[in-house]
Amino acid sequence: MDDFTLETLGLAEAPREHPLRYPGAWPADSALLDGDRLVPLPRDRWHEGRAPVLAVGSNASPGQLRHKMDEFGITSPIPMVKTRVTGVDVGVSAHVSRMGYVSASPFRAPDAVRELFVIWLDAEQLAIIDASEGVPLPNGNFGRAWLPAPEVRVELPGGVTLPGVHSYVNRHGVLHDGTGAARIHPGQRELMTELLVGSARLRELFGVTPEEFVARARADRQLCAAGTRLFAEEKRVTESGLERYVTVQQTGSPGTGSSLFPPLR
């Protein structure tokens, strides 16, 4: 038996197929996603020619990454590095995804310290993840931001820090906790339960249980758009504080130039 298969490790499920398990299972430590296997990360210079992308939601799930790459027949490996991140926390995107969940999005939190994965993508892989987040579309849900140090500090194993990192920032903002402060994403089932209990109009759209929410939302573009508008109408939305870092990305073809691949320091 191959102990490194995603199935054996319990990492094969993609939240795209199991929305209530979003953000999916994350690895215990740094590793290399190679096809349907998660193997120890080589000690060579695996980062060369790759863009560091901070994963705050399902992009840290090997099953989800594999699902996204499989759509385009991409089999090249993806390094996944567990890092210590200061300056951002994991919030709730202010939109309803057609995948059936309400996804995560980063927000500015100067005092927050989190263990999060950085995935290192080549130009082709980056274009695929950009497309999955809606980056190339003028009305897409996410923009790709370059979060610079020292505002956001990303420390790799061994103490090396990055000069910055890419991350996907929700263009709709993030949901707040009722006081105006961005709320932390608690996991999908808990989040949906709280959202439905708190809004009669949301229950009219999506039902009264997380299961009903998922069943109605999946692939219903108009319903998801209505749910997204409702978040704003009910004044549940605040800015992430990271909007100023989002830049226009030219991602119709893979990559946007050498600026994607800064050196380590």
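Heads up: the structure comes first, above all this text.
Now for a look at the structure at hand.

The next point concerns the packing of helix α2 (residues 62-70) against helix α3 (residues 123-133). The contact between α2 and α3 brings their axes to 10 Å, and the two run at 100 degrees. Classified by the angle their axes make, α2 and α3 are roughly perpendicular. Touching L65, K68 and M69 of α2 are Q125, I128, I129, S132 and E133, all from α3. Looking at the contact of α2 with α3 residue by residue, the classes come out as 4 nonpolar, 2 polar and 2 charged.

The subject of this paragraph is the environment of F4. Checked against the element boundaries, F4 lands in the segment before α1 (6-9). Setting aside residues no more than four positions away along its own chain, F4 makes contact with L9, D36, R37, L38, V39 and P40.

Among the residues making up helix α4 (residues 188-197), those that are buried are Q188, L191, M192, L195 and L196. The arc that holds every buried residue of α4, seen down its axis, measures 125 degrees, which confines them to one face. Considering only its buried residues, α4 is in contact with β4 (78-92), β9 (174-175), α5 (200-206), α6 (210-217) and α7 (221-233).

This brings us to α3. By the burial criterion, the buried members of α3 are Q125, L126, A127, I128, I129, D130 and E133. Regarding α3, its N-cap is D122, as a side-chain oxygen of that residue lies 3.2 Å from the backbone nitrogen of E124 further along. Directly after α3, the chain includes G134, whose backbone phi takes a positive value near 80 degrees.

This brings us to the environment of E190. Tracing the backbone shows E190 in helix α4. We classify E190 as partly exposed; its relative accessible area is 44%. Separated by 40 residues in sequence, E190 and L230 place their C-alpha atoms 19 Å apart.

Here we come to the pattern of salt bridges. Within this structure, the stated rule accounts for 13 salt bridges. D70 serves as the salt-bridge partner of R66, at 3.3 Å between the closest nitrogen and oxygen. Within this pair, R66 and its partner D70 are both found in helix α2, separated by 4 residues, close to a single helical turn. With a relative accessible area of 4%, R66 lands in the buried category. Using a relative accessible area of 45% as the deciding quantity, one classes D70 as partly exposed. The partner of D89 in a salt bridge is R114, with the nearest N and O atoms 2.5 Å apart. One end of the pair, D89, is in strand β4; the other, R114, is in strand β5 (residues 104-121), and 25 residues separate them in sequence. On the accessibility criterion, D89 (12% relative accessible area) is buried.

Counting 42 residues, the largest nonpolar core has L54, L147, L202, F206 and F213 as the members making the most contacts within it. Sorting the residues of this core by element identifies β4, β5, β6 (142-148), β8 (164-170), α4, α5, α6 and α7 as the ones contributing at least two each. The leading source of residues in this core is β4, at 5 residues. Contact partners of F213, with chain neighbours within four places excluded, come to V96, G100, V102, M192, L196, L202 and F206.

This part takes up the pairing of strand β1 (residues 31-34). Here β1 pairs with β4 via 3 bridges, running antiparallel. Directly across from A31, in β4, lies its bridge partner M80. With 3 bridges connecting them, β1 and strand β2 (residues 37-39) associate as antiparallel partners. Paired with D34 across the strands is R37, a residue of β2. The turn joining β1 and β2, which pair antiparallel and follow one another in sequence, is formed by 2 residues; a positive phi near 65 degrees is taken by G35.

Next up on the list: the side chain of S58. Structurally, S58 can be placed in the loop between β3 (51-55) and α2. Here Q64 takes part through its side chain, which lies 2.9 Å from a polar atom of the side chain of S58.

Positionally, K68 belongs in helix α2. A residue is classified by how much of its surface remains accessible, and K68, at 4% relative accessible area, is buried. Of note is the side chain of K68, whose polar atom sits 3.0 Å from the side chain of S132. Among residues more than four places away in sequence, those in contact with K68 are R16, N59, I128, I129, S132 and E133.

Conventions used here
Along each chain, residue indices are assigned from 1 in the same order as the chain's sequence is written. Side-chain atom pairs in this predicted model are given and counted only at pLDDT of 80 or more, local residue features only at pLDDT of at least 70, and totals for whole chains, interfaces and linings cover all residues. As a rule here, side-chain values cover all heavy atoms of the structure and leave hydrogens and water aside. Only C-alpha atoms enter the line fits that serve as axes; for helices the fit covers just the stretch in contact. Angles between N-to-C directions range over 0 to 180 degrees. Numbered from the N terminus, helices here are DSSP runs of H or I no shorter than four residues, and strands are runs of E no shorter than two. Convention used here: angles under 35 degrees read as roughly parallel, angles over 145 as roughly antiparallel, angles from 65 to 115 as roughly perpendicular, and any remaining angle as oblique. Whether two residues are in contact is decided by their heavy atoms: any pair within 4.5 Å suffices. Three classes are used, and their members are as follows: Ala, Val, Leu, Ile, Met, Phe, Trp, Tyr, Cys and Pro are nonpolar, Asp, Glu, Lys and Arg are charged, and the others, Gly among them, are polar. For each residue, the accessible area found with a 1.4 Å probe, counting protein chains only, is set against the maximum for its type, and the residue is called buried under 20%, exposed over 50%, and partly exposed in between. As used here, the arc is the angular range of directions from the helix axis to the C-beta atoms. Polar contact criterion, stated in full: a pair of N or O atoms within 3.5 Å, where within protein one must be able to donate a hydrogen and the other to accept it, and residues adjacent in sequence count only if both atoms are side-chain atoms. Salt bridge, as used here: a side-chain nitrogen of Lys or Arg that lies within 4 Å of a carboxyl oxygen of Asp or Glu. Buried residues of nine kinds, namely Ala, Val, Leu, Ile, Met, Phe, Trp, Tyr and Cys, make up a nonpolar core once their side-chain atoms join them within 4.5 Å. Two strands pair if DSSP finds at least two bridges between them.

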